[in-house]
Amino acid sequence: MTRSPLPSDGPVPAIPPPPTGHLAGLTCGLADPVGVDEPSPRLSWPALLDRPSLVSVRSAVGEVWRQEVPEGANHVDVPADVLALLTAYTWTVGEQISGTFTTGLRADGAWDAPWLVGDPTAAVSLRCTFTPGDAAEVWLAVTALGVYRVLLNGHRLGDEELAPGWTDYTVRVRYRLFDLTQLLLPGANELEIWLAPGWYAGHVAASGPARYGDRPLASAQIRTDGNPLPLDWTLHPLGRPRADLVMGETIDALETRDTDSRPAARDTHEQPAVPETRVVGGLVVEADPAPPVRVIGVVRPVRVTEPVPGVQVLDLGRNVVGRLRLRVTGPAHLVVRHGEELTAAGRLYTDNLRTAEQRDEFHVGPGDHVVEPAFTVHGFRYAEITGWPGALQPSDAEAVLLSSALEVTGELTADDPAVRQLIANITASAEGNLVSIPTDCPQRDERAGWTADISVFGSTLSFLRHSQAFLSGWVTTLIDGQRGDGAVPHVAPVLPEYGYDSPVWSDALVEVPWLLWRRYGDDRTLRRAYDPMRRWVDYCLAGAPDGIRQGRALGDWLAPGTVETPKSLIATGALARSLRLVAQAADVLGEPHAEEYGEAAARVVEAFRKAFMDGHRLRVETQTGYAVALAWDLVPLSDRDAVAGALAGLVVADGHRLMTGFVGTPLLLPVLSDTGHHDLACRIFNQEGYPSWRYQLRAGATTLWERWDSWHHRNGLQTPSMNSFNHYAYGCVGDWLFRHVAGIGDDPRGVSGGFTELLLRPGPVPLMRSASARYASAAGVVESGWRAEPDGLQFTFTVPVGVSARAIMPVGGTWDGMTVNGGFLMGFGEDLPVTRLPDGSCSLHLPPGRWSFTAPAAAATPLLAPWDDL
Ligand code: BGC
């Protein structure tokens, strides 16, 4: 395999353009959704109101509801009884911000359209002709147990890919709603559904095809002025005899020139569509509460090589998730295989894909064709093509990127190109692993909704992207998979063979709803998850009569080093953490169990100390063990400094290298920065040797690796049975960059949700000269950053209206000479009271507004000087 080192100061590949959209006003977390089944939709806007304002909701017939909302609010819930089904509404807040939403069928369990059978391996076309007459409103609701596209009179409706996404199909599936009224032709119209096996009947993870059923099913209903229209369906081939998410797709384009139009000559193969006779009973069919998967960008190849005659290899220059669109002049039979790496001989490396073929085939007739699969998705940087007529040019191909289209909310930049590349890599891994559900990886035969992965990455993701609707939808899927006894699966949608019950993994059922509350003030997801959360911690407590939870399988997954963090330490610590969060959730929701879970947490913490601590040291000393003890507040306050000192000593002894896996990595740097050892956190972060983030960057990584040694300069590639080059879990360092380097965070001492209590604490990093971040939070736009100038160290902040903010600037006691917005800080006196912290930092409460502080140059010297022993 080949690796190209990152140039030290060359240009950094651009971050792909953000998906389009806006956050002006959100309904249930989405911009202008069509199909809302939530009986009492939540309308929200992107800042806290600076005065009481009127919210008004109108339909075509006029205003249906109005309410004055108080100053400081950023959302309101529309009462259920004022809304009708299948109706479009617009809404305004104080006449400034508006959004639209359309109510759905509210079909919960009552979907009565027939389910039509597709093919076990091919994509097929289901068609019907209908005449809506003079109906004033015509609605289409469509879904599939499989994946589908829908067309009206030959034109695709919407731009959703891989609809309806992956849920636990034994429990629920999601439908999409379309308003056909303005799109219909006079007289007869034709509706068409392209249906492929998808997650329902195709390959899922490593368990082969037909996971939920042996053939996909599609179902659609048309409502004319509210009444269901009887539909008579026929079934046709689609020229796509093989269409599998994991294995790939085959297109016979002999008779067509465009991948988006259907092969007319195949009409001769028409047969009546077969309805499913087995009851798809009890299945909840609900409007999709999450953003759809869409094409979010296009990447053009940077080079083509020909390692052996007739085998041409495209290199996209970066690892992506999606598929290739090819412009080819036929006749030709192309075989295209996709992979993340090359062998030493320049051939495609596919061992780490395990059984995932990622192989597309195109049979094209004479003439010019554009071919692109519709029902598969690949994780790849390279594509190996055989059968191309002549010399393949980079301009003959482009990669089409697929992702659940989440709004961009956060940006972070620094003068250090490696930091910018790291953020680009984190973003790329996030996008590639958010295809309908949050996955571990997008390429091998796994691609599952691994719980710990999103649990540790969720906070970073929620800085970069508006994740509320997406993660809230996934929490429903996680709850759907919870076992009757309270055990929580390791992946959601649940795949029982991947197991249940691991600490940290299963604790995602507590962590993710809590994150949504803290970040977005989403008390609805928290409420929905509350009883399942209790059932989970009750289940854990039942297995820990003496307060110690025995270690389960996964531990500090993929940690390097030779000393293993005891699994029971992690399990017991995670139980204490979850119990405390459940107690806090009880407080937030006004439930009566806060005391009960608070006391249970105290008992577990006591047991933790007895079992795993000896004075202020751990009995088994590992970075992860200390990070767990400190981050989850398991040590007495009076011992905190001493325990943090022990961790610091261990980090130094480990040569400033992290020794942490999935559990310890998200905690280590924040804990060091929080306990007065920010310099050590920076040293770990600035580490360029193995294991480190910069080691990956130096090796040319364009997405985050699954393992610190996915590739190692001495050992080469890790074992192919588990080696992904696109895993976002270690992208959790983005959270540290936002909070502890640029300085944007919610105050850990705060109790409120929705990012309304801020802790702005920029943390300069030696060897860097500047870092800053911007975050469109649920409470308004927050900014924080620092810059080393010749005459001093500058800190800048933006605090939104209505938000309380504490700023801490590490100025090493030089704060007497500090200026703020051009005047001396001291001159502000009681208007801007300042507290000097024991370490010389300057702490103050910042009122809303934009602030620029400058500390004398002397402040920068100790913060930014290179380390003596470098
Ligand atoms: C996945 C991980 C996951 C782990 C736990 C792996 O196969 O890719 O990211 O968390 O299994 O066992």
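Residues numbered from 1 in each chain as written. Predicted model: local features only at pLDDT ≥ 70, side-chain atom pairs only at ≥ 80, totals over all residues. Heavy atoms only, no water.

**Overview of the overall build of the chain**
Broken down by element type, the chain carries 15 helices and 48 strands. A globule of 870 residues ought to have a C-alpha radius of gyration of about 29 Å, and the chain, at 28 Å, matches this closely. The dimensions of the chain, computed from C-alpha atoms along their principal axes, are 85 × 70 × 60 Å. Across the 870 residues that make up the chain, the buried fraction comes to 62%. Of the contacts made within the chain by residues no fewer than 6 positions apart, 74% connect residues no fewer than 24 positions apart. Just so you have it, the chain exposes about 31500 Å², and 52% of that area is on carbon and sulfur atoms. Side-chain charges in the chain split into 71 positive and 102 negative, and the spacing between the mean points of these groups amounts to 3 Å. (Helix = DSSP H or I, 4+ residues; strand = E, 2+ residues; numbered from the N terminus. Rg over C-alpha atoms; globule rule 2.2 N^0.38 Å. Buried < 20%, exposed > 50% of the residue type's maximum accessible area, 1.4 Å probe, protein only. Contact = heavy atoms within 4.5 Å. Areas by Shrake-Rupley, 256 points an atom, 1.4 Å probe, with all protein chains shown as cover. Lys, Arg positive; Asp, Glu negative; His and termini not counted. Charge placed at Lys NZ, Arg CZ, Asp CG, Glu CD.)

**Observations concerning helix α15 (residues 857–864)**
Those residues of α15 that fall on the buried side of the exposure criterion are Ala859, Ala860 and Leu864. All buried residues of α15 project into a common sector of 100° when viewed along the axis, lining one side. Of the exposed residues in α15, the ones pointing more than 90 degrees away from its buried face are Thr861 and Pro862. Those residues of α15 hidden inside the fold are in contact with β41 (780–789), β42 (792–799) and β48 (849–856). (Arc of directions from axis to C-beta.)

**Remarks on the environment of Gly330**
Considering the arrangement of structural elements, one finds Gly330 in strand β26 (residues 311–339). Remark: the alpha-carbon pair of Gly330 and Pro493, spanning 163 residues in sequence, is separated by 42 Å.

**Thoughts on unusual backbone geometry**
Note: most residues except glycine have negative phi, and most peptide bonds are trans. Here the residue pair Ala163 and Pro164 is connected by a cis peptide bond, since its omega of 0° sits within 30 degrees of zero. Mapping Pro164 onto the fold places it in the loop between β14 (155–156) and β15 (172–179). Cis peptide bonds are those with omega within 30 degrees of zero, and the linkage from Ala492 to Pro493 qualifies with 5°. The topology assignment puts Pro493 in the loop between α4 (468–480) and α5 (508–520). A positive phi angle, near 50°, is found at Asp32, a position not held by glycine. Note on placement: Asp32 falls in the loop between β2 (30–31) and β3 (34–36). Here Asp32 falls in the partly exposed class, since its relative accessible area comes to 29%.

**What about a negative patch on the surface?**
A cluster of acidic side chains, namely Asp134, Glu137, Asp179 and Asp225, defines a negative patch on the protein surface. By the element assignment, Glu137 lies in the loop between β11 (123–130) and β12 (138–145). What makes Glu137 partly exposed here is its relative accessible area of 36%. (Patch = residues over 30% accessible without salt bridge, like charges linked within 9 Å, V, L, I, M, F, W, Y side chains within 5 Å. Salt bridge = Lys/Arg side-chain N within 4 Å of Asp/Glu carboxyl O.)

**Here's the deal with the sheet that holds β3**
One open sheet holds the 5 strands; their spatial order is β3-β9-β8-β5-β6, and the pairing between them is mixed. Strands with a single pairing partner mark the edges of an open sheet, and in this sheet they are β3 and β6 (62–69). Each strand of the sheet is rotated relative to its neighbour by a mean of 35°, with strand direction disregarded. As defined by bridge partners, strand β5 (residues 53–59) adjoins strand β8 (residues 88–93) across 4 bridges and the pair is classed as antiparallel. Across the sheet, Val57 pairs through a bridge with Trp91, a residue of β8. (Pairing = 2+ DSSP bridges. Axes fitted to C-alpha atoms, helices over the stretch in contact; angles between N-to-C directions.)

**A few points about the site of the ligand**
Around the ligand, the structure places Asp440, Arg444, Glu446, Trp450, Asp453, Trp505, Leu554, Trp557, Phe662, Glu706, Met722 and His727. Within the side chain of His727, a nitrogen or oxygen atom sits 2.9 Å from an oxygen atom of the ligand. Surface burial for the ligand is 95%, taken as the share of its 300 Å² of free accessible area covered by protein chains. Of the residues that constitute the shell around the ligand, the class distribution is 6 nonpolar, 1 polar and 5 charged. (Near = heavy atom within 4 Å. Polar contact = N/O pair within 3.5 Å; in protein donor to acceptor, adjacent residues only side chain to side chain. Nonpolar A, V, L, I, M, F, W, Y, C, P; charged D, E, K, R; others polar.)

**A short note on the pattern of salt bridges**
This structure, assessed with the given rule, holds 55 salt bridges. Glu591 serves as the salt-bridge partner of Arg527, at 2.9 Å between the closest nitrogen and oxygen. Placement of Arg527 in helix α6 (residues 523–542) and of Glu591 in the loop between α7 (567–589) and α8 (594–612) is noted, with a sequence separation of 64 residues between them. Taking relative accessible area as the criterion, Arg527 reaches 40% and is therefore assigned partly exposed. Judged by its relative accessible area of 24%, Glu591 is partly exposed. Measuring nitrogen to oxygen at the nearest pair gives 3.0 Å for the salt bridge that ties Arg739 to Asp735.

**Comments concerning the pairing of strand β43 (residues 804–809)**
Every other side chain in a regular strand lies on the same face of the sheet, so the side chains alternate between the two faces. Among the 6 residues of β43, 5 are classified as buried, and the element is accordingly described as predominantly covered. Pairing analysis gives 4 bridges linking strand β39 (residues 757–760) to β43, with the strands arranged parallel. Within the sheet, the bridge partner assigned to Leu758 lies in β43 and is Ala805. With 5 bridges joining them, β43 and strand β47 (residues 842–846) adopt antiparallel strand pairing. Each bridged residue has a counterpart across the sheet, and for Met809 the counterpart in β47 is Cys842.

**Things to note about the packing of helix α3 (residues 451–464) against α5**
At their nearest, the axes of α3 and α5 sit 9 Å apart, and the two run at 10° to each other. Our classification of the angle between α3 and α5 gives roughly parallel. Between α3, through Thr451, Ser455, Gly458, Ser459, Ser462 and Phe463, and α5, the contact on the second element is made entirely by Ala508, Glu511, Val512, Leu515, Arg519 and Tyr520. For the contact of α3 with α5, the per-class residue count stands at 5 nonpolar, 5 polar and 2 charged. (Parallel < 35°, antiparallel > 145°, perpendicular 65-115°, else oblique.)

**So, α6**
For α6, with 20 residues, the first-to-last C-alpha span of 28 Å sits near the 28 Å given by 1.5 Å per residue. Its axis deflected by about 45° at Tyr530, α6 carries its strongest bend there, up to four residues before the proline Pro532. Tucked inside the fold, the buried residues of α6 contact α4, α5, α7 and α8. For α6, the capping residue at the N-terminal end is Asp522, with a side-chain oxygen 3.1 Å from the backbone nitrogen of Arg524. (Expected span 1.5 Å × (residues − 1). Bend = angle between axes of the 7 residues up to and from the residue.)

**Some remarks on the packing of aromatic side chains**
Under the definition given, this model contains 26 aromatic pairs. Aromatic pair Trp111 and Tyr175: ring centres 5.4 Å apart, planes at 40°, arrangement tilted. Of this pair, Trp111 sits in the loop between β9 (97–103) and β10 (116–117) while Tyr175 sits in strand β15, and the two are 64 residues apart along the sequence. Summarising the burial analysis for this pair, Trp111 and Tyr175 share the class buried. When the centroid spacing of 6.4 Å and the interplanar angle of 25° are considered together, the rings of Trp851 and Phe853 count as stacked. Of the two residues, Trp851 and Phe853, neither departs from the other in class, the shared state being buried. Members of the aromatic cluster, joined through ring pairs, are Trp505, Phe662, Phe685, Trp693, Trp708, Tyr730 and Trp736. Arg483 extends its terminal NZ or CZ atom over the ring of Tyr500, reaching a point 4.6 Å from the ring centre. Residue placement shows Arg519 over the ring face of Phe463; its charged tip is 4.0 Å from the ring centre. (Phe/Tyr/Trp six-rings, centres within 6.5 Å; stacked < 30°, edge-to-face > 60°. Lys NZ or Arg CZ within 6 Å of the ring centre and 35° of its normal.)

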